[in-house]
Every structure is written in C-alpha cells, then in structure tokens.
Number of protein chains: 2
Amino acid sequence: MHAFCVSNSAALPADGVLAVSRVRLRKGETLVRAGEAFAALYAVRSGTCKSVLVTPDGQEQIVDCHIAGDIVGTDGIATGEHDCAIAALEDSELCVLPFDHLEALARASNEFQRNLHALLSREIRRERKTMLILGTMRAEQRLAAFLLDLADRYAARGYSATEVVLRMTREDIGRHLGMKLETVSRLFSRFDQEGLIRVHGREVKLVDRDALHQLVQSATQ
Amino acid sequence: MHAFCVSNSAALPADGVLAVSRVRLRKGETLVRAGEAFAALYAVRSGTCKSVLVTPDGQEQIVDCHIAGDIVGTDGIATGEHDCAIAALEDSELCVLPFDHLEALARASNEFQRNLHALLSREIRRERKTMLILGTMRAEQRLAAFLLDLADRYAARGYSATEVVLRMTREDIGRHLGMKLETVSRLFSRFDQEGLIRVHGREVKLVDRDALHQLVQSATQ
DNA sequence: CGTAAGTTTGACTTACATCAAGTTTTGTGG
DNA sequence: CCACAAAACTTGATGTAAGTCAAACTTACG
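Because the structure is predicted, anything quoted here is derived from the model rather than measured. Residue indices begin from 1 for each chain and proceed along its sequence in written order. All chains are assigned letters beginning at A, and all ligands numbers beginning at 1, according to the order in which they are written. Where totals are concerned, whole chains, interfaces and linings use all residues; where local detail is concerned, this predicted model gives features only for residues with pLDDT of at least 70, and gives and counts side-chain atom pairs only at 80 or more. Side-chain numbers come from the whole structure's heavy atoms, not from hydrogens or water.

*Asks:* Give a description of helix H5 (residues 139-156) of chain B that names residues and reports values.
*Replies:* Residue and element names in this part refer to chain B. Numbering of helices and strands starts at the N terminus; helices are DSSP runs of H or I of at least 4 residues and strands are runs of E of at least 2. Residue count minus one, scaled by 1.5 Å, sets the expected span of a helix. Compared with an ideal rise of 1.5 Å per residue, which puts 18 residues at 26 Å, H5 spans 26 Å between its outermost C-alpha atoms and is within 8% of the ideal. Only protein chains enter the accessibility calculation, which uses a 1.4 Å probe; a residue is then buried when its area is under 20% of its type maximum, exposed when over 50%, and partly exposed in between. For H5, the tally of buried residues reaches 14 of 18 residues, placing the bulk of the element in the interior. Of the residues flanking the end of H5, it is Gly158, one or two places downstream, whose phi is positive at about 95°.

Structure below.
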C-alpha cells in the first residue's frame, strides 16, 4: 500500500480500517484476467507485476510494469470488469483493497477522498506520458526513457537511481515499448558500447544518466 | 455534461446543484495550458477539443480528441496542476465543473461517487486502448481504428456511425496516431481507392466498416 | 480576391522488422 | 550437484513500412 498509504498516513490507518488481506503470487501467475469481475484494487507490497492488454488477434501490449508501492486494477472500476490482465514478473505479494471499502472511506474523509482521486489521476498522467513516448519517440529514445523512469521509481522508494534489475524479458520490454526483442537487445548492446549503461543480462547500471536524458529529449526528426 | 449527467440523471440534478458556468472557445483557443492550476473538470457541450502533451523539445502528442459529452481535465487532479493543454478544434462550449463541488457531491451520494470513479476509470481504459494502438499496430491499422472509434462515439450520441467530419488536420491526426501527415494523407487516399471509405477533405464516409474492422484486427506481423 | 494554411502525390532514404543461426542463462529431474 | 532441455539473449544479413524532402494543388479566410 505504500504509494497510497504513505501519502495518506495522516488520514488513513489503512491496514486497520481496511482489514486488508494479502495475496501471494508466484512468478508467472496471474492475479486477474481480462473480463473478470472487479471488486478490489491491489497494492503491490513486494515483487513486480505487469498489466497486459491483448488484441483480438493475440497481440499484447504491456501497459505498465508495477513495483512495490504501486496500486493496480483501476481499469476495473469503469464497468465492474477488468479489461487488463495482471501477472507477476517474479514472486510477489499484494494487498487486497476492496473497492467499496475505499469508497466508504472516501465518503467519510475529504483527505482520503482526495488521495483516491489523485491516485486515479496519476494513473491517467502516467499513461499519457507513455502515449507520448510511443507516439513521438524513436526506439533508442523510448528505451532510454524507460530505463530512466524505472530507475527514478526505484529511487523514489529508497533504492539506487543507477542500478536496476529488470524483471521483464527483452520481449516484454519490447511489448511495452512497441518494438521487437531484437531491437531491444541491439539497443542494450549499443548503449553499453557507447558507455551510457552497463548491461549484464537483466542487471543494468545507468552509467551516464545525463546522456540518457539528453537522448530522450533530442529531437526525433 | 452529457456522458456524466446522462449516466447520473437519477442521482444528479447537476445543473442545479453544481451552479454550472459555461466557457466559450473560438477555434484554436486554449482552455488550459500545461502548468496551470487545476480547479475544475470541463464537460464539452458542443464542438470539439483536443488534449495535448508536449515534450521538452517541442514534440506534441495529441492524447485524445473530445466531442460533446466528454469530460476533460482529469490530469490536473493528481497535483493540482494540469500537465495537458486543452484547445478547441472548432468553436466550442464547455461547462465548468468545479472539482471541490464534485467531490462534495461524491461524498454525499454513493451513486454520484461511483459515477465519478467510473469516469476516471473509463479515461484510464481509453488511454490504455490508445497505447495498444500505438504500441502494436501498423499505420493503416491505427488510422482504421481511429476512424471506427470516432464514428462509434458519434453514433453513441445519436449521430451517424458512418459519416464523420474530422475537426483535426492531417497533421493533428498524425500527432495523435504517431505518424506523419503525409502518411495519414496517403492512407486516406488508399482507403478511398480500396473502397473502405470515401474522403472529401475532412468529410469521411465509412463505406465498409467490416473491412475496416478486419483490417484493425489483422495480425500486424 | 489573394495569401496562407492545409493537402496530395512522387522519388528517395532510413529505422526498424524479419529471418536465421549461434550463444548464454535458467530451471528441472535424475 | 550435474546434465540437459527450454527459454532467453545476441548478432548478422536482408527486407520493408514509414519518414523525409520536394513540388504542385486545393481550401479556407481576412
């Protein structure tokens, strides 16, 4: 519940009020499937999950990758059915936040309400940023943006801003950034050669964050 | 307020309760700019608007295009500042929905609250669908998906499901779908030749919706 | 009515995809 | 703990969808 509780700690003795239950997922397991009934949001406690949207013809878009502190499942509120699947990229633990409880708390507390709304709005902003990345950037810029975003999110949770361990395969990264796994692999190799990062399999060290930033912001032409 | 009020009509005599004010925008005018303080959502009453996100280097992503009945401005809730600009594509009129009023109403009514949350969640879903389009589809599929979505939205409001008048330029469409205006133009011409649509400038008639649907769902390779 | 903005179309270039082969890592059962 | 199969990754050669540059045409508007 981090992102949520932390920012709510004054108004929300959440674990108590919410009578939170937990779910454990093993690597590869699915928390929710597209079409399943919506009843709760989930807070990632530990591990990493992905939200996946699938086309009728089986193409997958990895909409986002979630780490400890993130809240997932917001797509279900609209219709009472999830349309995104959520799956664990490694063994993970999540808190179940029954949505009617959240709504009751939001009616009772202005501050809790505002935090709930801010949570949903942040999701909207985050997705718009991803749309910007997909719509305007070249492959190398997308990958640089992805690495910086991931590192920043770890940093915001007290971990290193320069060393990240990817939980996604090259293929998953490709399915998130709209490119093929070969392109992801080639770019990792090139960034390594150019001294922007240091890659050992899934371990990536951001050697030159400034250069990565510049790359992201360089005109795409 | 359509989308919102219509679905809320039972619980929400909105115009009365909200003491709604109106804004008129001339074609090209901006309702909010990135960085401006957030105070309200806006319901499109008539006309068409776009939400635009800009990169540091000036590249634009048109995040969405809004028609009568849509609610805009949700990105501002998160931080109290908008990060998306909103501009009119033609002369338009919008209702101002002060957000603290909406929150007060949501605390008072379960039904209103649920509708507000559904509104935000629908936005999340809609953006994820756009991410899917940008991340997995080729240019022709993206354009077909765009046309079908627009026509469906007009149809849901009682207009024709086969005749749409585009308010965006080819360049704007390109900036929404992640392609160049020349590509948009070429695809319009090709779709016309192939009998999928009939184009006269900004007027587009969807001649063969089934074929367009099939095109969207054909494997991208 | 004239100028600017928007659009179309063609010729050429390029970023990324595809196909293919070989290497490394991971995970599982003996 | 090793063996070995499957999954993941890397790298090269080649193909292609879409971008770029350029010029002419059309539409909108002050």
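*Asks:* Just give me the short version of the interface of chain B and chain A, but keep the residues and values in it.
*Replies:* Working rule for contacts: check all heavy atoms of both residues, and any pair within 4.5 Å makes them a contact. Taken together, the contacts link 49 residues of chain B with 49 residues of chain A. Throughout, the accessible surface (probe 1.4 Å) given up by two parts as they are put together, summed over both, is called the buried area. The contact between chain B and chain A buries some 4,700 Å² in all, and 56% of this surface belongs to carbon and sulfur atoms. A per-residue breakdown of the area chain B buries against chain A is headed by Arg125, Arg128 and Met131 of chain B, which together make up 17% of the total. Nitrogen and oxygen atoms within 3.5 Å of one another constitute a polar contact, given that in protein one can donate a hydrogen and the other can accept it, and given that sequence-neighbouring residues count only through two side-chain atoms. Where chain B meets chain A, there are 35 residue pairs in polar contact (both at pLDDT 80 or more). Counting residues per element, the ones that place at least two in the side of chain B that touches chain A are strand E4 (48-54), strand E5 (60-67), helix H3 (99-108) and helix H4 (110-136) of chain B. Among the elements that make up the side of chain B that touches chain A, the one with the highest residue count is H4 of chain B (21 residues). In the side of chain B that touches chain A, the residues fall into 16 nonpolar, 19 polar and 14 charged. The residue classification treats Ala, Val, Leu, Ile, Met, Phe, Trp, Tyr, Cys and Pro as nonpolar and Asp, Glu, Lys and Arg as charged. All others, Gly included, are polar.

*Asks:* Kindly report on the relation of the copies chain B and chain A, identifying the contributing residues and their values.
*Replies:* Least-squares superposition aligns the copies on the C-alpha atoms of those residues with pLDDT at or above 70 in both. Once chain B is rotated about the relating axis by 180° and shifted along it by 0.0 Å, it coincides with chain A to within an RMSD of 0.0 Å. Here the transformation between the copies is reduced to the relation of a two-fold axis. Closest to the rotation axis within chain B is the C-alpha of Arg107 of chain B, separated from it by 2.1 Å.

*Asks:* Requested: an account of the sheet that holds strand E7 (residues 85-88) of chain B, with residues and values cited.
*Replies:* Strand order in the open sheet formed by four strands is E2-E7-E4-E5 (chain B), with antiparallel pairing between adjacent strands. Each having just a single partner strand, strand E2 (30-32) and E5 of chain B make up the two edges of the open sheet. Adjacent strand axes in the sheet meet at a mean angle of 30° when their direction is disregarded. Should DSSP find at least two bridges between two strands, the strands are taken to pair. Sheet topology places E4 of chain B next to E5 of chain B; seven bridges connect them, and they run antiparallel. When the bridges of E5 of chain B are listed, Leu53 of chain B appears paired with Gln61 of chain B. Of the strands in this sheet, E4 and E5 of chain B are in contact with helix H4 (residues 110-136) of chain A, which crosses E5 of chain B at around 120°. The axes used here are C-alpha line fits, helices contributing only the stretch in contact, and every angle between their N-to-C directions lies in the interval 0 to 180 degrees. Packing against the sheet, H5 of chain B makes contact with E4 and E5 of chain B, and its axis sits at approximately 25° to E5 of chain B.

*Asks:* Any details on the pattern of salt bridges? Residues and values, ideally.
*Replies:* Between side chains of opposite charge, a pair can form when the charged atoms approach closely. When a carboxyl oxygen of Asp or Glu lies within 4 Å of a side-chain nitrogen of Lys or Arg, that pair is called a salt bridge. Taken as a whole, this structure holds 50 salt bridges over all chains when the rule is applied. A salt bridge links Arg125 of chain B to Asp83 of chain A; its shortest N-O distance comes to 3.4 Å. Within this pair, whereas Arg125 of chain B is found in helix H4, its partner Asp83 of chain A is found in the loop between strand E6 (71-72) and strand E7 (85-88), the two belonging to separate chains. Residue Arg125 of chain B is classed as buried on the basis of its relative accessible area, which comes to 16%. Look at Asp83 of chain A and you get partly exposed, because its relative accessible area is 22%. Glu140 of chain A is the partner of Arg138 of chain A in a salt bridge, and the nearest nitrogen-oxygen pair spans 2.9 Å. Shared partners join several salt bridges into a network, and the residues in it are Asp64, Asp70, Arg126, Lys129, Asp149, Arg153 and Arg157 of chain A.

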